[in-house]
Amino acid sequence: MRIVKFPLFNLINDHAISYPTPINLHYAWNFGFLSLICLMIQLITGIFLAMHYTPHINFAFYSVEHIMRDVNFGWLMRYMHANGASMFFIIVYFHVFRGLYFGSYTKPKQWVWVIGIIILLIMIITAFIGYVLPWGQMSLWGATVITNLVSAIPKIGNYIVFWLWGGFSVDNATLNRFFSLHYLLPFIIVSFSLIHIALLHQEGSGNPLGIESTTDKINLFPYFVIKDLFGLSSFFLFFLFFIFFFPNILGHSDNYIEANPMVTPTHIVPEWYFLPFYAILRSIPHKLGGVIAMLLSILILAALPWLHSTEIRSSRFRPLYKFFYWSLISCCFLLGWIGGMPVEDPYILIGQVLSIFYFFYFLLIIPSLGQLETILLKRINL
């Protein structure tokens, strides 16, 4: 009897059913799965919203109101998409900080980490241009401020800004191209996510102990699938709580006012998930220096596999590193707070001190601690 093999079924079996998984994984490893769920939610709701959205400066704001008031369950799609962006960033930030804590960026998984940081960067771009689409006051002026940062590039900066705008200000051409890009970029994120998962499964998943092991593994299904489903249920309770009870709490009130190029908001701030990077941008008085620092604050994460210099991965066995790790977490929260504050003393000084510590952590603390731990390990082995 001839057995017919289906490549798709084999692929599903190898990566979603029989995939060998370390037995000691806990709920911190749920966030990768939850990130994929968030991406699917954003894709599906975004496609439905695009069916009723009009990318024109005279109609964009009212088309969003039409979705909210006239389209069947349009309010649900809009609230799921708007709050889903915040949920996506919450999950991804947890995923990144879990990787920092357990050393998931170390070799041989360095390219898994680098692809993950590229996904984060594309997410940030996608979320920014998506925030422009409702065409409220904060949409217009946020787009004006952020795109103007490109003008800091010597000689060609202004030309690039005019090219981005499609004119001499954020106008209809800008809104049209932002809508097109916002529809396209999520599919690029899906592509990079598949590469991210493929590279991870090629090297094998890490574990809380930070050790490489080919033994003591069990199938992904049903053991860890059940654990993922429990995490998914908890996440949906948290997500639905915002959708049904506080759907607008994570947005800015000025964005519920139609965009008016003649009236500037009192205090222009981006969405909450951009605030730490925005605080680093504002902490440097030089415009070009601030833009470079903001970009480096994201890209420096991709350099971690080469900054890490110790054989110990997990923070569980690095008490000194653990102290600095929680200091970094505190620094990021404080930078988020500073990013939402006015540009005045003492917030400027606090932001500068926190920005220095942020880069100090990656460029000096991680390599120095690695060298110190390597020396101590050699002495212990002797």
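Novice: Explain the environment of Phe88 to me, using residue names and the numbers behind them.
Specialist: Its location among the elements puts Phe88 in helix H4 (residues 74-102). A relative accessible area of 7% means that Phe88 is categorised as buried. Linking Phe88 and Leu34, residues 54 residues apart in sequence, is a C-alpha distance of 8.4 Å.

Novice: Pulling in residues and values, what's your account of the environment of Ile125?
Specialist: By the element assignment, Ile125 lies in helix H5 (residues 110-132). Since its relative accessible area comes to 43%, Ile125 is described here as partly exposed. Along the sequence, Ile125 and His182 sit 57 residues apart, while their C-alpha atoms lie 8.7 Å from each other.

Novice: Before we move on, can you summarise empty space enclosed by the protein with the specific residues and values?
Specialist: Throughout the structure, instances matching the rule amount to three cavities of 30 Å³ or more. Counted as a void, the largest cavity has a volume near 880 Å³. In this structure, the largest cavity is lined by 41 residues; those nearest its centre are Gln42, His81, Ala82, Gly130 and His182. Secondary structure elements with two or more residues in the lining of the largest cavity: helix H2 (31-50), helix H3 (60-69), H4, H5 and helix H8 (172-203). In terms of residue class, the lining of the largest cavity is made up of 27 nonpolar, 12 polar and two charged. In this structure, the second largest cavity encloses a volume near 60 Å³. Lining the second largest cavity are Ala279, Arg282, Ser283, Ile338, Pro342, Val343, Tyr347, Ile348 and Gly351. Taken together, the residues that form the lining of the second largest cavity break down as six nonpolar, two polar and one charged.

Novice: Please set out H3 residue by residue, giving values where relevant.
Specialist: Note that an α-helix has 3.6 residues per turn; residues three or four places apart therefore point the same way. Along H3, the positions that sit buried rather than exposed are Ala60, Phe61, Ser63, Val64, Ile67 and Met68. Seen end-on, H3 carries its buried residues on one side only, within an arc spanning 165 degrees. Residues of H3 that are buried in the fold lie against H2, H4 and H8.

Novice: Describe the nonpolar core, listing the residues and the values that go with them.
Specialist: Counting 99 residues, the largest nonpolar core has Phe89, Tyr358 and Phe362 as its most contacted members. Apart from the residues lying within four places of it in its own chain, the contact partners of Phe89 are Leu120, Met123, Ile124, Ala127, Tyr273 and Phe274.

Novice: Tell me about the layout of surface pockets, residues and numbers included.
Specialist: Approximately 910 Å³ is the volume attributed to the second largest pocket. Lining the second largest pocket are 32 residues, with Ile125, Phe128, Ile146, Val150 and Met294 sitting closest to its centre. For the lining of the second largest pocket, the secondary structure elements donating two or more residues are H5, helix H6 (137-148), helix H7 (157-165), H8, helix H10 (275-283) and helix H11 (287-299).

What counts and how
- Residues numbered from 1 in each chain as written.
- Predicted model: local features only at pLDDT ≥ 70, side-chain atom pairs only at ≥ 80, totals over all residues.
- Heavy atoms only, no water.
- Helix = DSSP H or I, 4+ residues; strand = E, 2+ residues; numbered from the N terminus.
- Buried < 20%, exposed > 50% of the residue type's maximum accessible area, 1.4 Å probe, protein only.
- 1 Å grid on protein atoms, 1.4 Å probe; cavity = no way out; pocket = protein on both sides within 12 Å on 5 of 7 lines; lining within 4 Å.
- Points joined across faces, edges and corners; volume = space filled by probe spheres on them.
- Nonpolar A, V, L, I, M, F, W, Y, C, P; charged D, E, K, R; others polar.
- Arc of directions from axis to C-beta.
- Contact = heavy atoms within 4.5 Å.
- Core = buried A, V, L, I, M, F, W, Y, C linked by side-chain atoms within 4.5 Å.

In short, the description is geometric, and any link to function would need to be established separately.
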